[in-house]
Amino acid sequence: MFDYLIFGTFVGLLFHGIHRKVIARIQGRPGPPIWQEILHTLKFSFKQTWIPKTASQTLFVWVVLVAIGIWSAALVVLVTRGSLLLLFGIYLLHKIVEHGMGLSSGSPYGKFGAIRSVMSAASELPLFATVGAIYLFTGSMMLTDILAWQTEHGPLLVFAFPAAVALYVVILSKMHYSPFAIIESKEIVSGNMTEHFGVWRAGLEVAFGLKTYVLLYAFVLLFLGPLPFLLVLALMLLLLLSLSFVCAFSPMLSPYDTVTVQSLTMGIVAVYIVIVGVLFA
Amino acid sequence: MFELPVTTIEGPELFVLEFGDIVNYFTVYTAVLFTFALLFTILVIISRPERQVDFAFGGDAFYTKDITPGQFRFQRFMALACGMATLGAMMSGDVFNFTLFTSMVGITNIGIVAAYRNRHVLNAAFQYGIVAMIATVPLFGSAAIILATTGTLSMWALFGPAIAVPLVAKIFLVLGVMGEGMAPFYVAKAEITRAPGAPYVLMIHVSSLLLFLRVVEIVISM
């Protein structure tokens, strides 16, 4: 399993680099090399590190470990084809990490990032809608059953397209430079990550790399079914490129607009689920 | 020996602790939630609060907020109680016990907020108290409806295909948990920016989120 984690981290960070490169090229800038995020992580690992005097020291360090822990667990769930509900739970637990990261430092920028993170809890609602729709179709939360259902009936992308759109919005919400990335908006410096630097930032980069890998991997598995691994990687890259295009062309929304768009997405998918539920009943 | 009727939602059963007809249990899903709650309960015990920095508007001045020993002790006690109640809710196999633990989470959450002596924060705590009190009606109402219609409160029986739980009871249960797990209300107000005590304030979020995740599992499985 350790090799999966190393591979997932490496690919996730490489995807972050590609994401930045694509956004830069669309905006007419040369952009950093695609391995820049890997270099960043290595660089931060050897930077001088300390904990701010105003911080809640244990929590400040703890959230970094929890971030790595939960996304490692999420990758294990995907690889072992565990429960989708567990994956959903882990995704929600990431909210605690975002919140704790900002609260723990004592910095007002971190605190505002943390509050924006919790305010944008609406970004989790579309995921709940996705899980509900998938359960209605497949009758199971286990990834093995969901993949088996797709082998028999075809990709869920066709049967549950609105649910796929909802998950796409969820992934978009968590991408750097996305229109929904209000927690790391520049008017609050780096938001909840402002005070985490050095080894702590390296740890967070690792966790976020894993997160990107897990979310893209989950999308392909959930909506396109079991495919050869190289094809899965290629599809993940395609998905990432589409997200980069959206990020490059969209301005950062205000916090309340973010919540509105995400809630509307949830509302539309909820109506879809009710219709599907009635049809299945 | 009990057998969990549904394993296609939360994974296989891992552990069962039987107290007569009350059967607490772990599945892969609830074990992960329990572990997470345990981690943050330990964190509450061992960590000290941050010294929140505030800027004075209209100038370059800033100041840090200090937490008095009395407030520190009370907040930590409440956060610890909140963690214990969350742990109970994560492994409970009985709907009534789950609702009891949920209401205890609501009470302790209000305590965490109300420890800070600031007029705005105390006003907010009062309002959360009203929401939490009102939420007990659908919360315990759901347990009452389930008992009246099915004759049992054991999740082991309710998760089985033989028993149909009324939709209204499920909706009430979700509404009750939403009212008691007050993170969404708390964060929607500016008071959260005023109250220091990160590890304890975070416990409000942890408990609300874990309760929500547990109730999703219960409602889907019933």
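This structure is a prediction, so every number in the text was calculated from the model and none was measured.

Residue and element names in this part refer to chain A. Here the phi dihedral of Arg81 falls at roughly 55°; this positive angle occurs in a residue that is not glycine. One can find Arg81 in the loop between helix H3 (57–79) and helix H4 (84–105). The class for Arg81 is partly exposed, based on a relative accessible area of 25%. One non-glycine residue, Tyr177, lies in the positive phi region at around 65°. A relative accessible area of 43% means that Tyr177 is categorised as partly exposed.

Time to look at the interface of chain A and chain B. In this complex, chain A contributes 36 residues to the contact, which on the side of chain B involves 40 residues. If you sort the residues of chain A by the area they bury against chain B, Trp62, Leu85 and Ile96 of chain A come out on top, with a joint share of 18%. Here chain A and chain B share 0 salt bridges between them. Here chain A and chain B share 1 residue pair in polar contact (both at pLDDT 80 or more) between them. Contributing elements (two or more residues each) for the side of chain A that touches chain B: H3, H4, helix H5 (108–119) and helix H6 (125–138) of chain A. With 12 residues, H4 of chain A is the largest single contributor of residues to the side of chain A that touches chain B.

Residue and element names in this part refer to chain A. The final tally for this structure, using the stated rule, is 4 salt bridges over all chains. Where Glu98 meets Lys174, a salt bridge forms, and the shortest distance between an N and an O atom there is 3.1 Å. Of the two residues, Glu98 is situated in helix H4 and Lys174 in the loop between helix H9 (161–173) and helix H10 (199–224); the sequence distance between them amounts to 76 residues. Connected via shared salt-bridge partners are Lys95, Glu98 and Lys174.

Turning next to the environment of Ile134 of chain A. Residue and element names in this part refer to chain A. Along the chain, Ile134 falls in helix H6. Exposure remark for Ile134: the relative accessible area of 0% places this residue in the buried category. Sequence-wise, Ile134 and Ser263 are 129 residues apart; in three dimensions their C-alpha atoms are separated by 19 Å. With near-sequence residues (within four places) excluded, Ile134 lies in contact with Leu84, Gly139, Ile146, Leu156, Leu222 and Phe223.

Now for the side chain of Glu37 of chain A. Residues and elements named next belong to chain A. Within the secondary structure layout, Glu37 lies in helix H2 (residues 36–45). By relative accessible area, which is 6% here, Glu37 ends up buried. With residues near it in sequence (within four places) discarded, Glu37 still touches Leu13, His16, Gly17, Arg20 and Glu205.

As a further point, take a nonpolar patch on the surface. Residues and elements named next belong to chain A. On the surface, a cluster of nonpolar side chains totalling about 550 Å² of accessible area is made up of Ile34, Trp35, Leu39, Leu42 and Phe46. Summarising the element assignment, Leu42 is placed in helix H2. For Leu42, a relative accessible area of 47% puts it in the partly exposed group.

The next subject is the nonpolar core. Phe223 and Met236 of chain A together with Phe36, Phe40, Phe98 and Leu210 of chain B are the most contacted members of the largest nonpolar core, which totals 152 residues. Tallying contributions element by element places H10 of chain A first for this core, with 16 residues. Sequence-distant contacts of Phe223 of chain A, that is, excluding residues within four places in its chain, are made with Thr130, Ile134, Gln150, Pro155, Leu156, Leu157, Ala160, Ala163, Ala164 and Leu167 of chain A.

Turning our attention to the side chain of Thr152 of chain B. All names here are of chain B. Counting through the fold element by element, Thr152 comes out in the loop between helix H4 (119–150) and helix H5 (155–158). For Thr152, a relative accessible area of 18% puts it in the buried group. A polar atom in the side chain of Thr152 sits 3.1 Å from the backbone nitrogen of Ser154. Aside from chain neighbours lying at most four places away, what touches Thr152 is Ile146, Leu147, Ala157, Leu158 and Ile163.

Residues and elements named next belong to chain A. Orientation of H9 relative to helix H11 (residues 229–249), taken along the N-to-C sense of each, is 65°, at an axis distance of 11 Å. Taken together, the axes of H9 and H11 are roughly perpendicular relative to one another. In terms of crossing hand, the pair formed by H9 and H11 is right-handed. Between H9 and H11, the contacting residues are Tyr168, Ile171 and Leu172 on the first element and Leu239, Ser242, Leu243, Val246 and Cys247 on the second. Residues of the contact of H9 with H11, tallied by class, amount to 7 nonpolar, 1 polar and no charged.

Think of two packed helices as two axes; the pair is described by the angle between the axes and how far apart they sit. Residue and element names in this part refer to chain A. Running from amino to carboxyl end, H4 crosses H10 at an angle of 150°, the nearest separation of the two axes being 12 Å. Taken together, the axes of H4 and H10 are roughly antiparallel relative to one another. Of the two possible hands of crossing, H4 and H10 adopt the one that is left-handed. Every residue of H10 that contacts H4 at Leu84, Leu87, Tyr91, His94 and Met101 is listed here: Leu204, Phe208, Lys211, Val214, Leu215, Ala218 and Leu222. Looking at the contact of H4 with H10 residue by residue, the classes come out as 10 nonpolar, 1 polar and 1 charged.

Basis of the calculations
- One numbering rule holds for all chains: residues counted from 1, following each sequence as written.
- Each chain is given a letter, starting from A, and each ligand a number, starting from 1, according to the order in which they appear as written.
- For this predicted model, a pLDDT threshold of at least 70 governs which residues receive local features, and a threshold of 80 or more governs which side-chain atom pairs are given and counted, while totals over whole chains, interfaces and linings are taken from all residues.
- With hydrogens and water stripped out, all remaining heavy atoms of the structure feed into the side-chain values.
- Counting from the N terminus, the helices are DSSP H or I runs at least four residues long and the strands are E runs at least two residues long.
- Here the term buried applies to any residue with accessible area under 20% of the maximum for its type, exposed to any over 50%, and partly exposed to those in between, with areas from a 1.4 Å probe on protein chains only.
- Contact criterion: two residues are considered in contact whenever any of their non-hydrogen atoms come within 4.5 Å of each other.
- As used here, buried area is the combined drop in accessible area, with a 1.4 Å probe, of two parts when they are placed together.
- Whenever a carboxyl oxygen of Asp or Glu lies within 4 Å of a side-chain nitrogen of Lys or Arg, that contact is scored as a salt bridge.
- Polar contact is the term for a pair of N or O atoms within 3.5 Å; when the atoms are in protein, one must be able to donate a hydrogen and the other to accept it, and sequence-neighboring residues count only if both atoms are side-chain atoms.
- Residues forming no salt bridge and having over 30% relative accessible area are the ones grouped into patches, like charges within 9 Å of each other and nonpolar side chains (Val, Leu, Ile, Met, Phe, Trp, Tyr) within 5 Å.
- Note on areas: these come from Shrake-Rupley sampling with a 1.4 Å probe, and a residue is covered only by the protein chains present in the view.
- Among the buried residues, those of types Ala, Val, Leu, Ile, Met, Phe, Trp, Tyr and Cys that are joined through side-chain atoms within 4.5 Å form a nonpolar core.
- For every element, the axis is a line fit to its C-alpha atoms; helices are fit only across the contacting stretch, and the angle between N-to-C directions ranges from 0 to 180 degrees.
- Working definition: roughly parallel below 35 degrees, roughly antiparallel above 145 degrees, roughly perpendicular at 65 to 115 degrees, and oblique for all remaining angles.
- Helix crossings get a hand from a simple test, with the near helix turned counterclockwise from the far one by less than a right angle marking a left-handed crossing and a clockwise turn marking a right-handed one.
- Under the scheme applied, nonpolar residues are Ala, Val, Leu, Ile, Met, Phe, Trp, Tyr, Cys and Pro; charged residues are Asp, Glu, Lys and Arg; polar residues are all the others, including Gly.

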